[in-house]
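Breakdown of the fold
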Amino acid sequence: TLCATYPFALIFPKSITDKEVLQASTFRARCRLPVISWCNPATGAVLARSSQPLVGLMMNMRSNADEKLVAALCTQFASAQDGRRKLYIADARPRKNALANGAMGGGSESSANYFQSEIVFFGIDNIHAMRDSLSRLREYLDTYGTTSSDGMSSYLRHGGSTWGGGNLSSMSASVSTLGDSGWLIHVQSVLAGAAWIAARIAKESASVLVHCSDGWDRTTQLVSLASLLLDPHYRTFKGFQALIEKDWLAFGHPFSDRVGLPTLSGSGDMPLELPRQSSVGSFHSSPIRQQSGSFASSSGSSNAHNSNNYSPIFLQWVDCVSQLLRMYPFAFEFSSVFLVDFLDCVLSCRFGNFLCNSEKERQLSRVSEACGCLWTYLADLRASEGRSHVHYNLFYNPVKHEGPLLPPAAALAPTLWPQFHLRWACPNEVEAGDLEAKCRSMANKFSELQKAKEVAERKTREITAAMESLALELRNEKQLSSSAVNLAKKASKENAAIKRAIQSLGCKINFSSNGDTTVDIEHFPASYPHRSLYSSAREPEGNTQSDEKSDLSVSIAVMADDDPPTESSHRVCESFCPLRSNDGYCRWPEAGCAQVGSQFVGLKANFDAFDRLSIDDGYF
């Protein structure tokens, strides 16, 4: 009820009552009263927007409620001694246009009526001038591009004198035609106005109120572009979506009128519907096109120029964003390709986000229920390839531009946006000069090499782990081999000791090489026959009992009872052995006596085994 083209919720200073809000709305064109669009969280400075005041031809009409509302935008500084902040009222129109609107009841504010304010005129032309400018730009591209809309090369048209035919005057004329289109001048005017607003808020902590005639074309361009310069959040995908949803869609930019999209129809009790419209003739053709016959004007009369509301306001704003992206390639998360695809989606009528002229119309027609969402579509495209998608800016570095972007005046010289304006007229040149595409190709190659490197590193780690495992097994084998060698040496030493001990008895022995512990002893000479041959494992005989563990360490040969002992052993046993009988025989022939040389050492036996033996008393 307050304003049909404003969003459902508005932000005002707390000191303004609802009654004063209603009173102030009657003093502004189309009831679009001053409201806050963005606030600096650090300083409290605000960026506000509205339509022109209804001061009349004599500029003597005033509204106390409007003046109080505007003055409330100039809040106190944090420090009371600094006083109130300054207010700039930025009128986007040329001064003469503002005065001309006074004849129709409009006009501009007077700084005398608004406390601590300053009025600034930006001189940006109206929607009709922008429409004619784009038409002349299209004519220039159609004439001097590689291939025009008639399918004929610019080298062949007009007898070859247009370009490349050697006529220098025609070449200079083409450059002059680009300048005469005025498109770049208009883009520069919008950029300069937005940069000025951002500088006042960022450097002076001043509040700025922006308006034009109705407050939904040039005002929207300046406010949204200034917000993009001031707030890094709006330079991301989510922030860019929020910025367009807020300043363009919610605040009622008439997309149906400006772009030629479907609008709301219906009257009385008739149901609301979105009629099907033709997209032919969306932008008014230039006089040059009408004369050349390339395109026929859809209006059919010269008076249609004044009533035609088609104008490339949104296209011009996106063009300004592309200029900022060119100047600050590290400040934006999205790329120029994203802007081109975004514009194509807006103009395609495939989505309902930009249908109708206001938020209220879209809600009444239930556009969101019947149409797809552009933002979801673009988000799904990016999600399909991740950060490598062409919509992502390869150079984006949020740390480098954390604060506002304040371009100097010298940097605000725009160039023709090649990715959009030249993509059909000069496709090869655009592709060859696209630095971002080249960098993206290099980034893709780098990504492939990075993946190959990761695969090689993974294989290297696997091979290294296998080598370490083999090295560990080799060390274990070496340890086992060393242990076996030590055991063999120890066994060899023991065998040598046993051999010497047995050889001390005057016998010759040979160890078996089959790995067993059995000892084979050679026979004595024939004059000394053996009684028996014993090995390390005792054989059970008579009533003698033994188990598997009843074994002796050394096996020796024992002579028969009826054989006379050798002189040396008889002498040793007779001298030292306590078990030797008086008649010269051993009372314990199976005891396994141990001698070193000719010296009796004693019994070397497993005494645990002895304890389990049944000993014959006759041995003692």
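Residues numbered from 1 in each chain as written. Predicted model: local features only at pLDDT ≥ 70, side-chain atom pairs only at ≥ 80, totals over all residues. Heavy atoms only, no water.

Moving on, we get to the UniProt feature "coiled-coil region" (unreviewed entry) in the protein. In this structure's numbering, the residues bearing the UniProt feature "coiled-coil region" (unreviewed entry) are residues 439-469. A distance of 44 Å separates the end C-alpha atoms of residues 439-469, which is 100% helix and 0% strand. (UniProt positions renumbered as here; feature names shortened; annotations may be inferred. Helix = DSSP H or I, 4+ residues; strand = E, 2+ residues; numbered from the N terminus.)

On to the packing of helix α13 (residues 336-347) against helix α16 (residues 374-385), then. Viewed as axis vectors pointing N to C, α13 and α16 meet at an angle of 145°, and their least axial separation amounts to 11 Å. The handedness of the crossing between α13 and α16 comes out as right-handed. Packed against α13, whose contacting residues are Phe 338, Phe 342, Cys 345 and Val 346, the element α16 presents Leu 374, Trp 375, Tyr 377, Leu 378 and Arg 382 at the interface. For the contact of α13 with α16, the residue count by class is 8 nonpolar, no polar and 1 charged. (Axes fitted to C-alpha atoms, helices over the stretch in contact; angles between N-to-C directions. Left-handed = near helix turned anticlockwise from the far one by under 90°. Contact = heavy atoms within 4.5 Å. Nonpolar A, V, L, I, M, F, W, Y, C, P; charged D, E, K, R; others polar.)

A complete count under the given rule lists 27 aromatic pairs for this structure. Look at Phe 330 and Phe 395: their rings are 6.3 Å apart centre to centre, the planes differ by 75°, and that puts the pair in the edge-to-face class. Here the residue Phe 330 occupies a position in the loop between α12 (313-327) and α13, and Phe 395 occupies one in the loop between α16 and α17 (418-421), the gap between them amounting to 65 residues. Over the ring of Trp 196 we find Arg 200, and its NZ or CZ is 5.1 Å from the ring centre. The positively charged end of Arg 350 is found above the aromatic ring belonging to Tyr 377, 4.9 Å away from the centroid. (Phe/Tyr/Trp six-rings, centres within 6.5 Å; stacked < 30°, edge-to-face > 60°. Lys NZ or Arg CZ within 6 Å of the ring centre and 35° of its normal.)

This next bit is on the confidence of the model for the protein. The share of residues in the protein with pLDDT of 70 or more is 67%, and the mean pLDDT across the chain is 77. Within the model, the stretch residues 158-169 combines pLDDT values under 50 with 15 contacts to residues more than four positions away or in other chains. A low-confidence stretch, residues 276-306 (pLDDT under 50), is modelled with 44 contacts involving residues beyond four sequence positions or located in other chains. (pLDDT = per-residue confidence, 0-100.)

A few words on the packing of helix α6 (residues 183-204) against α12. It is at 10 Å that the axes of α6 and α12 come closest, and there the two elements cross at 75°. With respect to α12, the element α6 is oriented roughly perpendicular. Between α6, through Trp 183, His 186, Val 187, Val 190 and Leu 191, and α12, the contact on the second element is made entirely by Leu 315, Gln 316, Asp 319, Cys 320, Gln 323 and Leu 324. A per-class count over the contact of α6 with α12 returns 7 nonpolar, 3 polar and 1 charged. (Parallel < 35°, antiparallel > 145°, perpendicular 65-115°, else oblique.)

Before going further, it helps to examine helix α7 (residues 218-230). In a regular helix each residue adds 1.5 Å, so 13 residues correspond to 18 Å; α7 covers 18 Å between its end C-alpha atoms and thus fits that length. Counting buried positions along α7 gives 13 out of 13 residues, so the element sits mostly inside the fold. (Expected span 1.5 Å × (residues − 1). Buried < 20%, exposed > 50% of the residue type's maximum accessible area, 1.4 Å probe, protein only.)

A few words now on the sheet that holds strand β2 (residues 46-50). An order of β1-β2-β5-β3-β4 is seen for the 5 strands of this open sheet, with the pairing classed as mixed. The open sheet has two free edges, formed respectively by β1 (35-39) and β4 (117-121), since each of these has just one partner strand. In this sheet, neighbouring strand axes are inclined to one another by 25° on average, regardless of whether the strands run parallel or antiparallel. Bridge analysis of β2 against strand β5 (residues 207-211) gives 4 bridges, and the strand direction is parallel. (Pairing = 2+ DSSP bridges.)

Moving on, we get to the UniProt feature "active site" (unreviewed entry) in the protein. Following the UniProt record, one finds the feature "active site" (unreviewed entry) at Cys 212. Looking at the element boundaries, Cys 212 is found in the loop between β5 and α7. With residues near it in sequence (within four places) discarded, Cys 212 still touches Ser 50, Ser 51, Gln 52, Asp 91, Ala 92, Arg 93, Asp 217, Arg 218 and Thr 219.

For the rest of this paragraph, the subject is the pairing of β1. For β1, a buried count of 4 out of 5 residues is recorded, marking the element as mostly surrounded by other parts of the structure. Pairing between β1 and β2: 4 bridges, direction antiparallel. Among the inter-strand pairings, Val 35 is bridged to a residue of β2, identified as Arg 49.

We now examine the nonpolar core. In terms of nonpolar packing, the biggest core is built from 84 residues, with Leu 225, Phe 240, Phe 314, Trp 317, Phe 342 and Phe 354 touching the most fellow members. Looking at which element gives the most residues to this core, the answer is α12, with 10 residues. Judged by nonpolar contacts, the second largest core, of 12 residues, contains Phe 27, Ile 36, Val 55 and Cys 74. (Core = buried A, V, L, I, M, F, W, Y, C linked by side-chain atoms within 4.5 Å.)

The end-to-end C-alpha separation of helix α8 (residues 237-250) is 18 Å, in line with the 20 Å expected for 14 residues at 1.5 Å each. Those residues of α8 lying buried are Phe 237, Gly 239, Phe 240, Leu 243, Ile 244, Asp 247, Trp 248, Leu 249 and Ala 250. The backbone nitrogen of Gly 239 has a side-chain oxygen 3.1 Å away, supplied by the residue at the start of α8, namely Thr 236. Directly after α8, the chain includes Gly 252, whose backbone phi takes a positive value near 75°. (Polar contact = N/O pair within 3.5 Å; in protein donor to acceptor, adjacent residues only side chain to side chain.)

Next up on the list: the pairing of β5. Counted residue by residue, β5 has 5 buried out of 5 residues, so it is predominantly covered. Burial along β5 is two-sided: Ser 207, Leu 209 and His 211 facing one way and Val 208 and Val 210 facing the other are all buried. Sheet topology places strand β3 (residues 87-91) next to β5; 5 bridges connect them, and they run parallel. Along β5, the bridge assignment pairs Leu 87 with Ser 207.

Here the focus is the pattern of salt bridges. If the charged atoms of two oppositely charged side chains come close together, the side chains can form a pair. Going through the model one piece at a time under the given rule, you end up with 14 salt bridges. Two residues, Asp 247 and Arg 49, come together in a salt bridge whose shortest N-O distance is 3.3 Å. In this pair, Asp 247 sits in helix α8 while Arg 49 sits in strand β2, placing the two residues 198 residues apart along the sequence. Its relative accessible area of 0% is what places Asp 247 among the buried residues. Overlapping salt bridges, with partners in common, bring together Arg 28, Asp 66 and Glu 109 in one network. (Salt bridge = Lys/Arg side-chain N within 4 Å of Asp/Glu carboxyl O.)

Here the focus is unusual backbone geometry. If you check the backbone angles, Cys 349 has positive phi at about 65° while not being a glycine. Its place among the elements puts Cys 349 in the loop between α13 and α14 (359-364). The exposure class assigned to Cys 349 is partly exposed, which follows from its relative accessible area of 39%. At Cys 356, a residue that is not glycine, the phi angle is positive and equals roughly 70°. One can find Cys 356 in the loop between α13 and α14. Looking at Cys 356, the relative accessible area reads 0%, which means it is buried.

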